[in-house]
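As a plain string of letters, each chain reads:
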Amino acid sequence: MSEPGAAGPGPAAIQVSRIMRPDDANIAGNVHGGTILKMIEEAGAIISTRHCNSQAGEPCVAALARVERTDFLSPMCIGEVANVSAEITYTSRHSVEVQVNVMSENILTGAKKLTNKATLWYVPLSLKNVNKVLEVPPIQYTRKEQEDEGKKRYEEQKLDRLETKQRNGDVIFPIINPDRQTKEPHTVGYSQSSLIHLVGPSDCTLLGFVHGGVTMKLMDEVAGIVAARHCKTNIVTASVDAINFHEKIKKGCVITISGRMTFTSNKSMEIEVFVDADPFVDEPRERYRAVSAFFTYVSLSKEGKPLPVPQLLTETEDEKRRFEEGKGRYLQTKAKRQAQMQQAAQQ
Amino acid sequence: MSEPGAAGPGPAAIQVSRIMRPDDANIAGNVHGGTILKMIEEAGAIISTRHCNSQAGEPCVAALARVERTDFLSPMCIGEVANVSAEITYTSRHSVEVQVNVMSENILTGAKKLTNKATLWYVPLSLKNVNKVLEVPPIQYTRKEQEDEGKKRYEEQKLDRLETKQRNGDVIFPIINPDRQTKEPHTVGYSQSSLIHLVGPSDCTLLGFVHGGVTMKLMDEVAGIVAARHCKTNIVTASVDAINFHEKIKKGCVITISGRMTFTSNKSMEIEVFVDADPFVDEPRERYRAVSAFFTYVSLSKEGKPLPVPQLLTETEDEKRRFEEGKGRYLQTKAKRQAQMQQAAQQ
Amino acid sequence: MSEPGAAGPGPAAIQVSRIMRPDDANIAGNVHGGTILKMIEEAGAIISTRHCNSQAGEPCVAALARVERTDFLSPMCIGEVANVSAEITYTSRHSVEVQVNVMSENILTGAKKLTNKATLWYVPLSLKNVNKVLEVPPIQYTRKEQEDEGKKRYEEQKLDRLETKQRNGDVIFPIINPDRQTKEPHTVGYSQSSLIHLVGPSDCTLLGFVHGGVTMKLMDEVAGIVAARHCKTNIVTASVDAINFHEKIKKGCVITISGRMTFTSNKSMEIEVFVDADPFVDEPRERYRAVSAFFTYVSLSKEGKPLPVPQLLTETEDEKRRFEEGKGRYLQTKAKRQAQMQQAAQQ
């Protein structure tokens, strides 16, 4: 037998595999997007914490700062093995970029499919002082272009993080959870949902703050309920827009995760999800917005074919405005994808 | 109490939704009563802890003191959404009354059913000194009668808590778990069961004591196994008698949960459940009785119709006495329900 | 970025990593042996199921048949990463040998320690007919000796499996759970414990039978409670004797896991654990013994040093006989270890 890890992933790579269980999936047997996001984030947290502590210095824990837009390329099912492999692809002075691939593997047939590609950004926080961001040891690049492309991605995400921070700070999103029973089907109010979760010890990192992956799993759970309420069919996560984690959430907080539908195309639904933390025992006790994100869902028939989605009925001015904004995002993504396909075809 | 969710979650109300997963249910697909009791208690703990910390003062955690008798009105299934809404309906100087409604929602058909109504009592314990009970900020009542009715409920439960405390202290219930294989079917000894559980961090509140909901879930688990062993069919929780939490259970304890059948009617079984805590590592304290309660179960056919229950065979004098006491509780509940129905019919 | 899996384990190897959470450990922060056994078995189940389906033919699921004796070489703590790597090292006509290494990694200091080496045997069962054992595709050996040594291990375990099967069949172990409070400390009856578990969907393989790792985790839980009750200190799993899985356990069964102390040396305790399955809803089949095994525990001080263990007080003839048998196993293991150390010193 080979030595432990000898044949395995090197210092800058990690692999995690797990059989998908009934609780990881919906009743149609499709694994929740949130289960996959949680596995992705756990692999990212391990590899980036390991890297940031690889040189002598202050011990630190890597905290998730951002996840880039992620598409769910093909559904995963109960009984399949999820193979998650993560690799560090860029380091700036204070942040680490991790790229993660998820393959679904049917171990009965041997069939493998690429399920997800995700890019995550972590920052190292001192174990002694959680407000102190430490320096990241640089990685070696095999080619100069790798570093240049990484730097470009770094600059782009930095800009976007700044923008959402301002938006999150400026705009207040009142989530009113009305009596859904008096609402018309297919209105925003009809499918709106929320969930509360008391943050327990197993949800947290060594620093005592919630793992980003735990938050994303709960966000996907709420978004899934909103989507199912709207179209009353089997729904699956199609994509998640970039998520920025501006504010940490501490152990013992109560978090409220709320979701409302913002936009529907013919075959997809966009749901906006908010996470608010309530440190109700700790000081200071004010509730604050920790994260927000857009999830896109599609509705599937029993044979796994996409079904038409009922159009969202907007009632208020705000709802109409958000619908238009959602449409903008939808068209932008569509255009980007077509450009990529053309590019690929020309190569 | 106002209708569920009518005013939406204001400062004094909360709403939680979660999809029921395979692990929440038995193999027939019926969600365990214990799963629902745990959700109810979590909502209650959040809303009452939040309320008790709403005014400047010593930070505290609300601990469950009592749950009133709860009926399970209709079964919930895997894939359905449980909507739990909780509201504070009365406050005394040192305690908070929370009323919780649980609705099951089939998100594919939109069908909704009232599953449970529960009333819980919490007391605020200081975060710094767990033996210190703090004062509860008073709530505002819209009508004077609300306060008067609340006060009446408060006095009634106070009396009952006192009584069971004396009963629990007086009587010792040695549960001997005999070699079941030598027992006749349908005897008390045949179906008697017990389980041990090591209290882990996720079972506990910020104070390091077991959540009441965790205890109730384990109690329902044992009671369900006793019921299934007795009638060897699909069984579901029909009701739980009032439970008083006199003694706290600390993290690291081993708890033994034991259940024995006390009474059978034609279509129901009553099971008495005991929780004993064993603080074996921490302190020199002796094993002690933390909670006890009566659970009632019914047996269901594959079509969900109630089945006849085999009569319990009592052997010892104690078993015969407990059978008669159980019969008393059964007839009392039946009479109360008939009176309520007549009253409702006259209105 | 490299292609998924490019740098990772090949078809005959797998690597799994996971951060250890508070729920995986006892209150002293030491990860439960059962958590590690469960991870080991999951890696083994994935790699052997994948291998057995690697050639066209009837689809199958690999079921755990046996785990060889396993030593826990050093404790693992909350916050550390468990790196589990598994590799197929031998195949017979109907069985697969998997060797698994577990390394604990402190990602803050980079320190790594070998925690476990385990050897597991799986047999492929047809997905259509669970009673049909299929043929295993042969693996390639790089050296002839590898095959010869594997064959020797295969023959040895086959013999041992046959023996325990007869022993399990012959001897019946009635577990009487007495009222512990009447018992003297340090007697067998005083620490004796049992738990019941309702087998849920997430406990099971695609065939609907309990994962061997789930069973081992529950066995370690009971054994740990017996050990803690006996010496009232922080205890950790030191080793597990070979376990043979003769009987499958089906979804929906209730399993009773019982443990009793059999032997103490100066610094260790041996606990015998039984798993009995009760298919009470499904079929008319009687309760049956599914697995039994010996676990060895040591008691640790706050600094992690081994503490003396109070001697077990044996009362009945059976207890005295089992104590002597335990002593025999203890001395045999000790002699074997010394021989290995001498051999290693001479090389």
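Conventions used here
Residues numbered from 1 in each chain as written. Chains lettered and ligands numbered in written order. Predicted model: local features only at pLDDT ≥ 70, side-chain atom pairs only at ≥ 80, totals over all residues. Heavy atoms only, no water. Contact = heavy atoms within 4.5 Å. Buried area = accessible area lost by both parts, 1.4 Å probe. Salt bridge = Lys/Arg side-chain N within 4 Å of Asp/Glu carboxyl O. Helix = DSSP H or I, 4+ residues; strand = E, 2+ residues; numbered from the N terminus. pLDDT = per-residue confidence, 0-100. 1 Å grid on protein atoms, 1.4 Å probe; cavity = no way out; pocket = protein on both sides within 12 Å on 5 of 7 lines; lining within 4 Å. Points joined across faces, edges and corners; volume = space filled by probe spheres on them. Nonpolar A, V, L, I, M, F, W, Y, C, P; charged D, E, K, R; others polar. Domains from an automatic or database assignment. Pairing = 2+ DSSP bridges. Axes fitted to C-alpha atoms, helices over the stretch in contact; angles between N-to-C directions. Phe/Tyr/Trp six-rings, centres within 6.5 Å; stacked < 30°, edge-to-face > 60°. Buried < 20%, exposed > 50% of the residue type's maximum accessible area, 1.4 Å probe, protein only. Lys NZ or Arg CZ within 6 Å of the ring centre and 35° of its normal.

## Overview of the interface of chain C and chain A
Contacts between the two partners involve 44 residues from chain C, matched on the other side by 44 residues from chain A. A buried area of about 3700 Å², summed over both sides, lies between chain C and chain A, and 59% of it is on carbon and sulfur atoms. Arg50 of chain A is the salt-bridge partner of Glu105 of chain C, the closest N and O atoms lying 2.5 Å from each other. Those elements that provide at least two residues to the side of chain C that touches chain A are β1 (13-19), α1 (33-52), β2 (60-67), β4 (81-91) and β5 (96-105) of chain C. When residues in the side of chain C that touches chain A are grouped by element, the largest group, six residues, is from β1 of chain C.

## With respect to the confidence of the model for chain A
Residue and element names in this part refer to chain A. Counting all residues, the mean pLDDT for chain A is 87, and 90% of those residues have values of 70 or more. The low-confidence segment residues 1-10, where pLDDT is below 50, has 23 contacts with residues more than four positions distant or belonging to other chains. For residues 169-181, every residue scores under 50 in pLDDT, and the model assigns this stretch 31 contacts once sequence neighbours within four places are set aside. Model confidence for the complex is summarised by a pTM of 0.82, with the ipTM given as 0.77.

## Considerations on empty space enclosed by the protein
Enumeration over the complete set of coordinates arrives at two cavities of 30 Å³ or more. In this structure, the second largest cavity is lined by Lys38, Glu41, Glu42, Ser202, His211, Gly213 and Val214 of chain A together with Ile19 and Arg21 of chain C. Of all the secondary-structure elements, those providing two or more residues to the lining of the second largest cavity are α1 (33-52) and α4 (212-231) of chain A. A breakdown of the residues in the lining of the second largest cavity according to their chemical character gives two nonpolar, three polar and four charged. Here the lining of the second largest cavity spans two domains, since at least three of its residues come from each of domain 1 (13-142) and domain 2 (184-339) of chain A.

## Some points on the sheet that holds strand β12 (residues 288-300) of chain B
Sheet architecture is open: six strands sit in the order β3-β8-β12-β11-β10-β7 (chain B), paired in antiparallel fashion. Where the open sheet ends on each side, the last strands, each with one partner, are β3 (70-71) and β7 (193-198) of chain B. Of the pairings in the sheet, the one linking strand β10 (residues 254-264) of chain B to strand β11 (residues 269-278) of chain B comprises ten bridges and is antiparallel in character. From the neighbouring strand, Val254 of chain B faces β11 of chain B, where its bridge partner is Asp278 of chain B. Each of β10, β11 and β12 of chain B touches helix α5 (residues 317-346) of chain B; the most contacted strand, β10 of chain B, lies at about 75° to it. Sheet contacts for helix α4 (residues 212-231) of chain C: β7, β10 and β11 of chain B; angle to β7 of chain B, the most-contacted strand, approximately 80°.

## A look at the packing of aromatic side chains
Summed over all chains, the structure comprises 18 aromatic pairs over all chains. Here the aromatic rings of Trp121 of chain B and Tyr154 of chain B are separated by 5.9 Å at their centres, their planes lie at 50°, and the arrangement is tilted. One end of the pair, Trp121 of chain B, is in strand β6 (residues 112-126); the other, Tyr154 of chain B, is in helix α2 (residues 144-170), with 33 residues separating them in the sequence. Each member of the pair Trp121 of chain B and Tyr154 of chain B is classed as buried. Here the aromatic residues Tyr90, Trp121, Tyr141 and Tyr154 of chain A are joined through ring pairs into a cluster of three or more. Stacked on the ring of Phe294 of chain A, the Lys or Arg Arg329 of chain A has its end atom at 3.7 Å from the ring centre. Taking NZ or CZ as reference, Lys248 of chain B lies 5.7 Å from the ring centre of Phe209 of chain B, over its face.

## Section: the pattern of salt bridges
Residues and elements named next belong to chain A. Applying the stated criterion across every chain yields a total of 52 salt bridges over all chains. One salt bridge connects Asp276 with Arg289, and the closest N-O pair in it is separated by 2.9 Å. You can see Asp276 sitting in strand β11 (residues 269-278) and its partner Arg289 sitting in strand β12 (residues 288-300), a full 13 residues away along the chain. Taking the relative accessible area as the measure of exposure, Asp276 reaches 9% and is therefore buried.

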